[in-house]
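# Overview (structure and organization)
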Amino acid sequence: MFSRSLLYFGMFFLALAAYAQAPQRPTQKPATRNPHGALNVPCENCHTSLSWKPIRSIPEFDHDKTGYPLRGMHEKVQCNQCHVKLVFANVGQKCSDCHADIHRGQLGANCESCHTVKGWKVSVTAIRDHQNRFPLIGAHAALDCESCHKGAATGQFQGLATQCYSCHATEYKGTTNPNHQTAGFPTRCEPCHSTNSWLNANFDHSSIGFPLTNAHADPPRVCQDCHINNNYNLTTTACVSCHLKNFQAATNPHHVAGGFSQTCQQCHTTIAWQPAAFDHTSVGFSLTNAHANPPRICADCHINNNYNITTTACASCHLKDYNTALTPVNHVQLAFPTACESCHDTVRWTNGKFDHAATGFPLTNSHMVPPRVCADCHINNNYNLTSTACATCHLKDYNTAATPINHLQVGFPTTCQLCHDTTLWTNGKFDHNTTTFPLTGFHTTVACANCHVNNNYTTLPTDCYGCHKANYDATTNPNHTSVGFPTTCATCHTTASWLGATFNHTWFRIPHHNAQCSDCHSNSANYQVFVCTVCHTKAQTDPKHSGVKNYVWNSTNCYQCHKQ
């Protein structure tokens with residue numbers, strides 16, 4: 001018995017040791033009964049010891065430590081209004097998860113684009129994405145959505161027109177200054193109005209081709225100043241369409257009596273109706289000098305309000321001045337042309353000057369100085385001269401001219417300008433180069449009478465022999481006459497000097513060893529005969545021609561070989 005007890009006792013200790021060495025399992029906790037899911041908040045923060053329901057009036061729960069802090073209107077909402085299920089984590093965070101979309105999805109799913117947690121009501125200024133076909137600017141930006149979207153509460157945000165009139169028809173119809181309907185104004189409001197304010201409308205008048213400038217704009221104009229009786233259907237921009245009364249009443253000058261054009265802008269501007277200024281150059285008659293100063297008025301020239309003048313001729317206004325003109329000559333008596341501008345200008349009527357060059361006869365030198373008057377040439381008031389020939393005025397000078405020769409006796413031509421100029425009549429010089437015999441060399445120093453013997457200025461020959469026959473006959477070296485030299489003196493002589501003549505020997509150049517003509521031409525009566533053997537003796541030439549075929553010592557044979 002004792003042994004069996006000891007055996008049992010030993011087995012107990014073995015089992016206890018094995019249990020101590022075996023891995024220990026954790027102590028099992030009782031399963032939770034929390035219906036809210038994983039929630040690390042003590043139950044007593046929301047519940048009381050009396051009952052699970054109702055929860056405490058002010059639960060001790062910090063919603064800011066969750067992923068959805070409560071702000072604005074959400075702060076006053078009961079927990080079970082959002083957490084309708086006991087598992088608090090099963091609540092959406094999008095607005096549409098709790099709030100029905102009365103816009104029916106037309107504006108997208110992001111409610112926060114327009115609304116905030118402060119309240120559903122929203123002003124347009126809070127809308128960031130109204131940049132569609134109708135951006136909100138000016139006064140439109142300060143309006144509530146319902147101001148334009150009358151069905152906003154039921155989600156009607158589409159289908160509105162963008163034309164101003166679609167919303168502002170009442171304002172259009174109620175406007176009386178000016179009355180839009182009566183005037184037939186277009187319903188396109190933006191040409192005059194802006195989105196900043198319906199009032200203070202401003203129309204760009206230049207857009208219709210008639211900008212308002214100067215007096216048309218100042219003092220500040222209102223539409224009725226021009227659009228009388230609310231007439232906005234004007235079809236012309238002509239000044240007279242508004243200013244006909246001014247045109248008809250104008251008397252200085254009288255517009256109607258003068259038959260003035262009704263294109264008022266030719267004289268008037270928008271700065272002021274008066275003073276008017278007409279650009280006289282536009283009619284082809286510029287007003288200069290005395291025509292402009294002293295300050296002229298139209299009536300100075302347009303006598304009796306006559307503005308139908310069709311000519312710009314001076315005489316049309318200055319005929320009286322022409323008829324009474326006596327200085328420098330009587331214009332009427334001498335039948336002067338009435339082309340006054342030939343002598344007069346607009347600077348001063350009494351300071352007439354005639355441009356004589358316009359007649360083809362300019363006045364130069366003595367024709368001008370000493371200061372000439374017309375009567376110096378136009379004797380007995382003869383202004384009908386038809387010739388510019390010198391002799392028409394200087395025939396007396398021609399007839400009495402005796403130096404250097406008697407012009408009349410010799411029969412000089414009356415083309416005085418061949419020898420005379422306007423500088424000095426008595427200093428006549430004849431340019432012999434204008435004839436067929438120009439003077440060169442010694443001929444330029446010879447007096448006229450040396451050649452023109454017995455005052456012969458008409459039948460003189462132009463060949464040398466005609467004047468130099470005596471020199472030809474008297475020449476003995478060589479004797480021109482006996483030899484029968486030709487009388488074409490220029491073959492050997494020049495005008496520089498009669499002596500020192502040279503002859504072009506052609507085949508036999510000279511000078512030839514300083515030889516004179518007579519050294520070779522031994523027969524002075526016949527220059528066809530020449531001799532070489534006088535200088536070139538036989539004794540000199542034979543040795544030099546030894547072996548030369550057909551060599552013969554005589555002058556003719558010498559020349560056949562020695563032409564140079």
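This write-up is about the structure you can find in this document. (Residues numbered from 1 in each chain as written. Predicted model: local features only at pLDDT ≥ 70, side-chain atom pairs only at ≥ 80, totals over all residues. Heavy atoms only, no water.)

Now for unusual backbone geometry. Following N177, the chain continues into P178 via a peptide bond in cis, with omega recorded as 0 degrees. In this structure, P178 sits in the loop between helix 5 (164-174) and helix 6 (180-183). Residue V369 is joined to P370 through a cis peptide bond whose omega torsion reads 0 degrees. Along the chain, P370 falls in the loop between helix 8 (315-324) and helix 9 (391-400). Positive phi is not limited to glycine here, since N214 has a value of about 50 degrees. Assignment of secondary structure puts N214 in the loop between helix 6 and helix 7 (240-249). A positive phi angle, close to 65 degrees, is found at N550, a residue other than glycine. (Helix = DSSP H or I, 4+ residues; strand = E, 2+ residues; numbered from the N terminus.)

What follows is about the environment of H468. Examined against the element boundaries, H468 turns out to sit in helix 12 (residues 464-474). For H468, a relative accessible area of 24% translates into the label partly exposed. Linking H468 and T537, residues 69 residues apart in sequence, is a C-alpha distance of 40 Å. (Buried < 20%, exposed > 50% of the residue type's maximum accessible area, 1.4 Å probe, protein only.)

This paragraph deals with the side chain of H63. Summarising the element assignment, H63 is placed in the loop between helix 1 (2-21) and helix 2 (79-82). Within the local environment of H63, its side chain forms a polar contact with the backbone oxygen of Y68, the two atoms lying 2.8 Å apart. With residues near it in sequence (within four places) discarded, H63 still touches Y68, P69, L70 and H83. (Polar contact = N/O pair within 3.5 Å; in protein donor to acceptor, adjacent residues only side chain to side chain. Contact = heavy atoms within 4.5 Å.)

On to the nonpolar core, then. A general trend in soluble globular proteins is that nonpolar side chains are found buried together. Judged by nonpolar contacts, Y322, V329, L334, F336 and Y383 together constitute the single largest core of five residues. Contacts of Y383, omitting those with residues within four sequence positions, involve V329, L334, F336, C374, A375 and H378. (Core = buried A, V, L, I, M, F, W, Y, C linked by side-chain atoms within 4.5 Å.)

What follows deals with the pattern of salt bridges. Under the criterion given, the structure shown has eight salt bridges. With a closest N to O distance of 3.4 Å, E190 and R188 form a salt bridge. Salt-bridge contacts for R296 lead to D300; the nearest nitrogen and oxygen are separated by 3.8 Å. By relative accessible area, which is 42% here, R296 ends up partly exposed. Looking at D300, the relative accessible area reads 38%, which means it is partly exposed. (Salt bridge = Lys/Arg side-chain N within 4 Å of Asp/Glu carboxyl O.)

That is the geometry; function is a separate question.
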